[in-house]
Amino acid sequence: MANWYQGIARHILARTAFHAGNLPEAGQLLGHSLTILQDTGDQNYRMLVLADLGDTLTAQGRYAEARDQFQAALPVALDLQQPFQMLLLLAVIANWVLQTGHRDHGIELLIVVRQHPAGGYELRRRADQTLARFRAVVEPDVYAEAEERGHALDLDAAILLAQQVLTLGERTPDHPHAAPMLAPAALPERAALTGRGQLRNVGTLMPCNIYSR
């Protein structure tokens, strides 16, 4: 139990480092937290730290390393089978996708995040904020087509799309079709969920992302 608290403490310190603008320190602290949590067997929080670490690396432009974290987090999320956790992970992956240039796929993922009943108000609001920023720069027909495809996806299909898109080559910022660089995705607190969207304890909330602004 002491190790678990040490892992959580490093995660909190990572939040402080990020808000101070020290992304390398935030990444280092998240790495330490991940190592500790691997020893405790807490797969739930391990998935969240993997997602946050991927988001930190995305903010630094270290896209290949960020992708590795997301690819490690996806199987954990699938094992947990907690829809809200999956949606949180999809949101940070969508941020990576949008920043690495595959804007249509990122839009599809965010549409799933905002329309799924397990997402909740705050997660939908964050997804809407990111979508609004890209609606201003993506061609209207491209956005409309991606939005329509997103509405047709369920959560399982979105997870499969995320797995597939992570295998695509990144489009770097100097690519003529690259997406504009954004701040890291900001995610809300999470509720403990079990099964397919069944709420276990809405009163127990824990910060799940270090980038709320």
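This is a predicted model, so every value here is computed, not measured.

The rules behind the values
Residues numbered from 1 in each chain as written. Predicted model: local features only at pLDDT ≥ 70, side-chain atom pairs only at ≥ 80, totals over all residues. Heavy atoms only, no water. Helix = DSSP H or I, 4+ residues; strand = E, 2+ residues; numbered from the N terminus. Buried < 20%, exposed > 50% of the residue type's maximum accessible area, 1.4 Å probe, protein only. Contact = heavy atoms within 4.5 Å. Areas by Shrake-Rupley, 256 points an atom, 1.4 Å probe, with all protein chains shown as cover. Core = buried A, V, L, I, M, F, W, Y, C linked by side-chain atoms within 4.5 Å. Phe/Tyr/Trp six-rings, centres within 6.5 Å; stacked < 30°, edge-to-face > 60°. Expected span 1.5 Å × (residues − 1). pLDDT = per-residue confidence, 0-100.

Across its full length, the protein chain holds nine helices and two strands. Counting helices and strands in the order they occur from the N terminus, the protein chain gives α-α-α-α-α-α-α-α-α-β-β. Counting all 213 residues of the protein chain, 50% fall into the buried class. Sequence-distant contacts, at least 24 apart, represent 70% of the contacts inside the protein chain between residues at least 6 apart. As displayed, the protein chain has an accessible area near 9500 Å², and 52% of this comes from carbon and sulfur atoms.

Phe-70, Leu-89, Leu-90, Ile-93, Ile-107 and Leu-109 are the most contacted members of the largest nonpolar core, which has 59 residues in total. Among the elements that take part in this core, helix 5 (residues 83–99) stands out by supplying 13 residues, more than any other. Look past the residues within four positions of Leu-90 in its chain and what remains in contact with it is Leu-109, Val-113, Leu-155, Ala-158, Ile-159 and Ala-162.

For the rest of this paragraph, the subject is the packing of aromatic side chains. A complete count under the given rule lists one aromatic pair for this structure. With a centroid separation of 5.1 Å and 80 degrees between ring planes, the pair formed by Trp-4 and Tyr-5 is classed as edge-to-face. Relative accessible area serves as the criterion here: at 21%, Trp-4 is assigned to the partly exposed category.

Next up on the list: helix 6 (residues 103–115). Taking 1.5 Å per residue, 13 residues should reach 18 Å; helix 6 reaches 18 Å between its end C-alpha atoms and fits that length. The complete set of buried residues in helix 6 reads Arg-103, Gly-106, Ile-107, Glu-108, Leu-109, Leu-110, Ile-111, Val-112 and Val-113. Among the structural elements, helix 5, helix 7 (120–135), helix 8 (140–151) and helix 9 (155–165) are those in contact with the buried residues of helix 6.

Looking at the protein chain as a whole, the pLDDT averages 78, with 78% of positions reaching at least 70. Here residues 172–213 is a poorly scored stretch, pLDDT under 50, and it has 125 contacts once near neighbours within four places are set aside; other chains count.

What follows covers helix 5. With 17 residues, helix 5 extends 24 Å from end C-alpha to end C-alpha; this agrees with the ideal 24 Å at 1.5 Å per step. The buried fraction of helix 5 is high, at 17 of 17 residues. Gly-101 lies just past helix 5 and shows a positive phi near 105 degrees.

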